[in-house]
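Secondary and tertiary structure notes
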Amino acid sequence: MSGTSLDGIDLACCTFKKNSKWEFEINCAETYPYSSTWRDDLRDAINLDKDSLQVLDAEYSNYLGDVVKSFMAKHHITDLDFVASHGHTVWHRPDLGYTFQIGNRQELADTCGLKVICDFRTQDVNLGGQGAPLVPIGDKLLFQDYEFCLNLGGFANVSFEKNGERLAFDICPANLVLNYFVSERHLDFDDRGKLAASGQLHGPLLDQLNAIPFYNMAPPKSLGLEWVKEHFFPVVESYNLAMEDVLRTLVEHIAIQISRVIKKEKTKTLITGGGAFNTFLISRIKHFSSTEIVLPNPKVINFKEALIFGFLGVLRERNETNCLKSVTGARQDHCSGMVLKPKH
């Protein structure tokens with residue numbers, strides 16, 4: 001799994017069992033940080049022409065294969081059914097009928113020497129869906145003890161049951177924008193939200209962010225980097241504030257938007273993703289909502305998305321539904337994922 005925050009590649013070796021319900025174990029897991037070169041290349045991928053993007057796609061597929069081999073050797077993993085890979089999203093414009101993740105080429109299977117299940121999003125977009133989020137089927141089947149599953153990654157997204165259907169959508173930008181503004185201090189992230197906590201809340205910016213039309217749209221809906229560049233960054237940068245004040249205001253904005261969704265009493269909300277370690281952000285979410293916040297063990301916080309993409313692969317292998325139309329808006333529930341086998 002590689003997300004929009006560009007912190008690295010998450011790998012998790014998982015075991016799934018189904019008795020009366022699905023159970024899982026994360027046997028071992030690790031994040032392989034990107035080199036500054038890879039981070040720059042991935043950040044710039046959105047600007048490449050078609051030929052250059054094909055070259056990067058092949059290089060990245062090979063690179064993922066090498067990382068898988070390295071992870072398996074380090075953790076003495078010998079018996080795998082397959083590798084399930086999300087790849088890295090470059091384009092995501094379901095409104096225009098396309099989504100594109102690099103790292104889903106034959107080179108990945110050839111390099112790691114294993115069967116690969118990948119490219120989970122394209123089929124959903126072809127069926128008229130958003131191609132995202134795909135994690136909710138895992139929330140539904142693996143984390144059914146929680147009324148809300150909230151992921152604080154590059155974007156904050158949520159999934160929950162309503163009227164017997166799973167609903168899920170992106171709520172607002174999260175780590176993607178927080179990390180962007182701390183990068184001017186050459187930091188990867190705001191440790192526990194301490195910089196944000198030291199800033200001053202800026203009312204006019206907060207009001208303008210909360211008024212962004214996306215927040216009043218009905219789901220299904222999803223966000224991408226292009227949207228942030230077009231609709232979010234220009235608003236923030238029009239104010240020319242100190243970085244701490246920007247972070248303080250962004251944290252408040254994120255907490256308010258999340259609380260609009262998970263405000264209910266007598267519910268439990270599971271929070272995972274890197275933002276779960278942002279103590280200040282979590283405290284603001286608690287301030288605005290009355291749900292019981294549950295932070296699981298660090299392995300689940302960090303690797304839940306990798307775990308669930310593994311689970312999407314399991315469902316694909318069993319030819320069972322792994323994309324829900326109630327979540328993505330596709331014409332039908334379906335079983336998504338391309339299967340690649342090594343040529344040698």
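Residues numbered from 1 in each chain as written. Predicted model: local features only at pLDDT ≥ 70, side-chain atom pairs only at ≥ 80, totals over all residues. Heavy atoms only, no water.

Examining the side chain of threonine 111
Secondary-structure assignment places threonine 111 in helix H3 (residues 106–112). Within the structure, threonine 111 has its side chain in polar contact with the backbone oxygen of glutamate 107 (distance 2.7 Å). Contacts of threonine 111, omitting those with residues within four sequence positions, involve Asn62, Gly65, Asp66 and Lys69. (Helix = DSSP H or I, 4+ residues; strand = E, 2+ residues; numbered from the N terminus. Polar contact = N/O pair within 3.5 Å; in protein donor to acceptor, adjacent residues only side chain to side chain. Contact = heavy atoms within 4.5 Å.)

Observations concerning the sheet that holds strand E3 (residues 83–85)
Within the open sheet, the three strands sit side by side as E3-E6-E12. Their pairing is mixed. The sheet is open, and its two edges are formed by E3 and strand E12 (338–340), each paired on a single side. Strand after strand, the sheet turns through a mean of 25 degrees between neighbouring axes, direction not considered. The pairing of strand E6 (residues 116–118) with E12 spans three bridges and is classified as antiparallel. (Pairing = 2+ DSSP bridges. Axes fitted to C-alpha atoms, helices over the stretch in contact; angles between N-to-C directions.)

Describing helix H10 (residues 243–262)
In this model, H10 (20 residues) spans 28 Å end to end at C-alpha, consistent with the 28 Å of a helix rising 1.5 Å per residue. Of all the 20 residues making up H10, 18 are buried; the element is thus mostly covered by neighbouring parts of the structure. (Expected span 1.5 Å × (residues − 1). Buried < 20%, exposed > 50% of the residue type's maximum accessible area, 1.4 Å probe, protein only.)

Concerning the sheet that holds strand E9 (residues 165–173)
On the basis of which strands lie adjacent, the open sheet formed by five strands has the order E9-E8-E7-E10-E11 and mixed pairing. Either end of the sheet is taken by a strand with one partner, and the two such strands are E9 and strand E11 (292–294). Taking the axes of each pair of neighbouring strands and ignoring which way they run, one obtains an average angle of 20 degrees across the sheet. Note that strand E8 (residues 155–162) and E9 share eight bridges and pair antiparallel. Across the sheet, phenylalanine 155 pairs through a bridge with proline 173, a residue of E9.

Side note on the side chain of aspartate 170
Looking at the secondary structure, you find aspartate 170 in strand E9. Arginine 121 provides the closest opposite charge to the buried, unpaired aspartate 170, separated from it by 7.9 Å. Engagement of the side chain of aspartate 170 in a polar contact is seen with the backbone nitrogen of leucine 223, the distance being 2.7 Å. With near-sequence residues (within four places) excluded, aspartate 170 lies in contact with Phe155, Ala156, Asn157, Phe214, Lys221, Ser222 and Leu223. (Lys, Arg positive; Asp, Glu negative; His and termini not counted. Salt bridge = Lys/Arg side-chain N within 4 Å of Asp/Glu carboxyl O.)

Looking at the pattern of salt bridges
Under the criterion given, the structure shown has 15 salt bridges. Of the charged contacts in the structure, one is a salt bridge between arginine 39 and aspartate 188, with a shortest N-O distance of 3.5 Å. Of this pair, arginine 39 sits in helix H1 (residues 36–44) while aspartate 188 sits in the loop between helix H6 (175–182) and helix H7 (194–197), placing them 149 residues apart in sequence. For aspartate 188, a relative accessible area of 52% puts it in the exposed group. With its nearest N and O atoms 3.2 Å apart, the salt bridge here joins glutamate 161 to arginine 166. Judged by its relative accessible area of 36%, glutamate 161 is partly exposed.

A short note on empty space enclosed by the protein
Following the criterion strictly, the structure yields one cavity of 30 Å³ or more and no others. Of the volumes computed, that of the largest cavity is approximately 50 Å³. In this structure, the largest cavity is lined by Pro133, Val135, Pro136, Asp139, Cys149, Asn151, Asn157, Val158, Ser159, Ala168 and Lys304. Of the residues forming the lining of the largest cavity, the biggest block, three residues, is contributed by E8. Its residues placed into classes, the lining of the largest cavity shows six nonpolar, three polar and two charged. (1 Å grid on protein atoms, 1.4 Å probe; cavity = no way out; pocket = protein on both sides within 12 Å on 5 of 7 lines; lining within 4 Å. Points joined across faces, edges and corners; volume = space filled by probe spheres on them. Nonpolar A, V, L, I, M, F, W, Y, C, P; charged D, E, K, R; others polar.)

Thoughts on the pairing of strand E7 (residues 148–152)
Taking burial as the measure, the five residues of E7 include five buried ones, the bulk of the element. Of the two faces of E7, the one carrying Phe148, Leu150 and Leu152 and the one carrying Cys149 and Asn151 are both buried. As paired elements, E7 and E8 share five bridges and run antiparallel to each other. Each bridged residue has a counterpart across the sheet, and for cysteine 149 the counterpart in E8 is serine 159. Adjacent in sequence and paired antiparallel, E7 and E8 are bridged by two residues. Across four bridges, E7 lies against strand E10 (residues 268–272) in parallel orientation. Across the sheet, the residue bridging to cysteine 149 is leucine 270, located in E10.

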